[in-house]
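Geometric and topological summary
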Amino acid sequence: MLNKLISVGGFTLLSRITGFIRDVLMAWILGKGILSDAFLFAFLFPNYFRAIFGEGTINPAFLPRYAALYAKGNAEAARRFANQVFSWQLAAQLFLLIGAMAAMPQLVAIFVPGYSSDQLALTASLARITFPYLILTLVAIQLSAMLNALEKFWAAAAWSNFLNLAMIGTLLASSRFPNAAYAAAWGVLIGGCLQLVFILWAARRDGISLRVELPRWTPEIAEFFKALGIVTFGAASVVVAPLIDFFIASYLPTGSRTALYYADRINQLPLGVLGIALGTILLPEMSKRLAKDDRAGSDTAQNRSAAMTLLLTLPFAAVFIAIPDTIMRAVFAHGAFDAHSADLAASALAAYGAGLPAMALVRIVASTFYARHDTLTPAIATVTAIVSNIILKVIFVWGFDLGVAGIALGTAVGAWINVAVLTWIGRSRSLLAIESLFIRSLGVTLISTLAAGAGAWFGAKIGASWMPGAHSDLFALAAAVVGSGIGYLLTVLTLRSRLPLDKFSR
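Structure report, in brief. (Residues numbered from 1 in each chain as written. Predicted model: local features only at pLDDT ≥ 70, side-chain atom pairs only at ≥ 80, totals over all residues. Heavy atoms only, no water.)

**Thoughts on the overall build of the protein**
Put simply, the rule is: The secondary structure listing takes helices from DSSP runs of H or I that are at least 4 residues long and strands from runs of E that are at least 2 residues long, numbered from the N terminus. The cut-offs for exposure are 20% and 50% of the maximum accessible area for each residue type, with area from a 1.4 Å probe on protein chains only; residues under the lower value are buried, those over the upper are exposed, and the others partly exposed. Only heavy atoms matter for contacts: two residues are in contact if any of them lie within 4.5 Å across the pair. Computed with the Shrake-Rupley method and a 1.4 Å probe, the accessible areas treat only the protein chains shown as cover for residues.
On a plain count of helices and strands, the protein comes out with 20 helices and zero strands. Put simply, the protein has 506 residues, and 57% of those count as buried. Sequence separation of 24 or more characterises 84% of the internal contacts of the protein that already satisfy a separation of 6 or more. Summed over its atoms, the accessible surface of the protein is roughly 20000 Å², and 68% of this surface lies on carbon and sulfur atoms.

And the structure:
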């Protein structure tokens, strides 16, 4: 499993690095204002639908069934099943694309009613450029799931880099577009085309392909659509929350949505590299083990993944809470994105950090049900968490006047509610086993988290005092990284005997 994590995490890290460069360029060129707020809606809008029709449904509804067919030696049945799912998905995507492109001004007005008429017009124009990205990712998403089911993880983790590289290119050439927002929007569309070409090549290299067939209603497809309907309900509720974020932020001062976006991008760095990578590896492994009636092996794999998830994400949460202002000023306070904008984003980063471990852990716990082809239970937990999340955001933003930090805090608390509901249901049904290797690792995890947070805080103070002036934040962040890393590594190395590292590497 360690080799798989290195493969997925390594390419995901590369994606996060190219995404980080893209975001720094966006902050520098777009800044915090009308162009930025308009583009971010146009950029995120197709990605929210991707969460419904892409990974949010393909991974839970398709991957476990496809992996189980292969585990039982039914390769031809798996191929037919994949082609039929793809054909049905393509038909639905084409219908959605045509409808969305025709009604884009009305959709934008519904989701961001606080925007001015000029902002609405610009946002709709940009969204019409970016929305076809959704259908371009359809093939990439399903082929990624098929590759993951066969434990071919690298391509599925690597293809997202092409979106970042395309956007970097168009942002650098922004003078050739009507404005920088249009440059970024065209970068999204070009990136989608590059991603499609890459994943088709990578899949063919491993002997995997998809064909469009006349959609047929078979027992396997009927079972898939039953699961898909449930998963789509849960995935749609996940999409509602960030759209509610847009709705709330549209009534806050201009640039609030931009500040929230950059805080989330920093939070997504460890989440994508560590938490999501572990979840990506775990689901096909549990699905295969349960298909072979290996419950003990499935439980052990899940427990060591949960232990590693907390060990790797809790220290980042501590750092985000300890020095959010240092991080945001050092990384983004350049060009059109000023120090005030960075401070606004810092309050959101601290709030997001409180929920980071839960955002990663929810994929591990949800695998309890997805691996058993149960998509209803995670959907119920997700809807419960999202409803709580929305209510909390309204209370935090307008009841406690927390602004963008209130939106982020609602997301964080909602993630913990999701984990709590899934854990309670899994334990009550005797499906989720909490083994001693997980319990034994908690003490080390908490101590290493405190060491990382304290190291970051003291490091930032020392770094800023050593080099006051215009570059103090950069030196403070560098010293914080060193201090946090030393504190964390010394703790883990000293207490490593209580961690499931030997089992994890097998």
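**Some points on the side chain of threonine 382**
Inclusion rule: Counted as a polar contact is a pair of N or O atoms within 3.5 Å, where, for protein atoms, one must be capable of donating a hydrogen and the other of accepting one, and residues adjacent in sequence contribute only when both atoms are in side chains.
For threonine 382, the position within the fold is in helix α16 (residues 376–399). Overall, threonine 382 belongs to the buried group, its relative accessible area being 12%. From its side chain, threonine 382 meets the backbone oxygen of proline 378 in a polar contact 2.8 Å long.

**As for the pattern of salt bridges**
The line we're drawing: Salt bridge criterion: a side-chain nitrogen from Lys or Arg within 4 Å of a carboxyl oxygen from Asp or Glu.
Scanning all chains against the criterion turns up five salt bridges. A salt bridge links aspartate 23 to arginine 22; its shortest N-O distance comes to 3.1 Å. Note on aspartate 23: relative accessible area 2%, which makes it buried. Judged by its relative accessible area of 2%, arginine 22 is buried. For the salt bridge of arginine 295 with aspartate 299, the shortest nitrogen-to-oxygen distance reads 2.7 Å. Of this pair, arginine 295 and aspartate 299 both sit in helix α13 (residues 295–322), four residues apart, roughly one helical turn. Look at arginine 295 and you get partly exposed, because its relative accessible area is 31%. A relative accessible area of 7% means that aspartate 299 is categorised as buried.

**Looking at the nonpolar core**
The following threshold applies: Throughout, nonpolar core names a set of buried Ala, Val, Leu, Ile, Met, Phe, Trp, Tyr and Cys residues whose side chains join them through atoms within 4.5 Å.
Met26, Phe39, Phe62, Leu126, Phe131, Ile327 and Met328 are the most contacted members of the largest nonpolar core, which totals 145 residues. Setting aside residues no more than four positions away along its own chain, isoleucine 327 makes contact with Ile266, Val319, Phe320, Leu349 and Leu477.

**Topic: the packing of aromatic side chains**
Counted only if it meets this: What counts as a ring pair is set by centres within 6.5 Å for rings of Phe, Tyr and Trp (its six-membered ring), and what kind of pair is set by the plane angle: stacked under 30 degrees, edge-to-face over 60, tilted for all other angles.
Within this structure, the stated rule accounts for eight aromatic pairs. With 5.7 Å between their ring centres and 45° between their planes, phenylalanine 45 and phenylalanine 131 make a pair best called tilted. With phenylalanine 45 in helix α2 (residues 34–53) and phenylalanine 131 in the loop between α6 (117–130) and α7 (133–149), this residue pair connects regions lying 86 residues apart in the sequence. There is no split in this pair, since phenylalanine 45 and phenylalanine 131 are both buried.

**Some remarks on the layout of surface pockets**
What counts, and what does not: A 1.4 Å probe that fits but cannot get out identifies a cavity on a 1 Å grid over protein atoms alone, an open set with protein on both sides within 12 Å along at least five of seven lines counts as a pocket, and a residue lines either if it has an atom within 4 Å of a point. Grid points are joined across faces, edges and corners, and a volume is the space filled by probe spheres set on the points. When residue character is reported, Ala, Val, Leu, Ile, Met, Phe, Trp, Tyr, Cys and Pro are called nonpolar, Asp, Glu, Lys and Arg charged, and the others, Gly included, polar.
Estimated volume of the largest pocket: approximately 720 Å³. In terms of lining residues, the largest pocket is bounded by 27 residues, among which Leu269, Phe316, Val319, Phe320 and Val481 are the most central. At the level of secondary structure, the elements contributing two or more residues to the lining of the largest pocket comprise α1 (2–30), α12 (256–291), α13, α14 (324–332) and α19 (472–494). Of all the elements, α19 adds the most residues to the lining of the largest pocket, at eight residues. Across the lining of the largest pocket, the residue classes tally to 24 nonpolar, two polar and one charged.

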